[in-house]
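# Coordinate inspection notes
Chain by chain, the residues:
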Amino acid sequence: MATNGADDRNLPRLARIDPRQFDLLFGGCKLERYAAGQHLFVQEDTSDRIYGVMSGTVEISIYSPGGQKLVANIELSRSLVGEIGALDGRPRTATAICLTACELVSLSRSQLFDRIEKNPPLARGMIELLCARLRWVSGELGDQAFFGIEARLAKRLVFLSGVMADSAGWIPISQSELGEFLGATRESVNKTLNDWRSRQMIAIRRGGLRITNAAALNQIAESQDDD
């Protein structure tokens, strides 16, 4: 899984602190290597560290009591992971897993507060990050309330194409995984994708898809559910 080289700073879901603040926060930290499939933490774990992504892709997911999975976000290079729990000390609100081999840096909760106290601009950076996260969550709630499955799937594909597509535009993701992004069934995702393929808006292959008519998908993404 790789990014396509797009300027992902313009993608609203990838909330980050300023690169200089990132370097200030994690300066001197030892590089940690994680294998694909390795967890950083699990939902409801004790919160004791904050992570900075140097390279690789980290998936943030939420699980229901019955085990249903909802993918909340994808974090790439220079993103922070686990800042909410590290700041308030309460249990983890989500599960973080490396989708690819990752290189990370991290701080304990006490180290985090020590660096914030010694470098006041970091406090402002963290506040701005949390505000960006809150705006994103508000947007997601609005999408769930006002948009149907087609619009939400189109928005997600446009986003994923910007952060995960390879040089040929292929997004390495299964239909089941897309359902996990939306909180929708694989069947509903499959039906919509097959319709779009018949209309030559996307191409599908095993384990991936590619957008072939971005204008049409963007138009769907902006259309509210009238039902």
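Under the annotation held in an unreviewed UniProt entry, the chain carries the name Crp/Fnr family transcriptional regulator and is attributed to Mesorhizobium humile.

Here Thr93 lies in the loop between α2 (83-88) and β7 (95-98). Here Thr93 falls in the exposed class, since its relative accessible area comes to 52%. Along the primary structure Thr93 and Ile62 are separated by 31 residues, whereas in three dimensions their C-alpha atoms are 7.4 Å apart. Here Thr93 is in contact with Gln43 and Ile62, once residues within four sequence places are set aside.

Moving on: helix α6 (residues 175-182). For an α-helix, 3.6 residues make a turn, and residues three or four places apart therefore share a direction. Restricting attention to buried positions, one finds in α6 the residues Gln175, Leu178, Gly179, Phe181 and Leu182. Along the long axis of α6, the arc covered by the buried residues comes to 155 degrees, so they all point the same way. Just downstream of α6 lies Gly183, where phi reads positive at about 70 degrees.

Quick look at the nonpolar core now. If you look at the biggest cluster of nonpolar residues, it comprises 27 residues, and the most contacted ones within it are Leu153, Leu157, Leu160, Leu178, Leu193, Trp196 and Leu217. Secondary structure elements with two or more residues in this core: β5 (69-75), α5 (149-164), α6, α7 (186-198), β11 (208-211) and α8 (214-221). The leading source of residues in this core is α5, at seven residues. Residues in contact with Leu217, not counting those within four places in the same chain, are Ala154, Leu157, Val158, Trp196, Met201, Ile202 and Ile211.

Let us now look at the sheet that holds β11. Pairing within the open sheet is antiparallel, and its three strands lie in the order β9-β11-β10. Every other strand in the sheet has two partners, leaving β9 (170-171) and β10 (202-205) as the edge strands with one partner each. Bridge analysis of β10 against β11 gives four bridges, and the strand direction is antiparallel. In the strand pairing of β11, Ile204 is matched with Leu209.

Our next topic: the sheet that holds strand β8 (residues 102-108). Read from one edge of the open sheet, four strands run β1-β8-β3-β6, paired in antiparallel fashion. Looking at the sheet topology across the chains shown, the edges are occupied by β1 (32-34) and β6 (80-81). Where strand β3 (residues 49-55) meets β8, six bridges bridge the pair, whose relative direction is antiparallel. Residue pairing in the sheet places Gly52 in a bridge with Val105 of β8. Relative to β8, helix α3 (residues 109-118) is tilted by about 75 degrees, and along the sheet it contacts β3 and β8.

Cut-offs and rules
Residues numbered from 1 in each chain as written. Predicted model: local features only at pLDDT ≥ 70, side-chain atom pairs only at ≥ 80, totals over all residues. Heavy atoms only, no water. Helix = DSSP H or I, 4+ residues; strand = E, 2+ residues; numbered from the N terminus. Buried < 20%, exposed > 50% of the residue type's maximum accessible area, 1.4 Å probe, protein only. Contact = heavy atoms within 4.5 Å. Arc of directions from axis to C-beta. Core = buried A, V, L, I, M, F, W, Y, C linked by side-chain atoms within 4.5 Å. Pairing = 2+ DSSP bridges. Axes fitted to C-alpha atoms, helices over the stretch in contact; angles between N-to-C directions.

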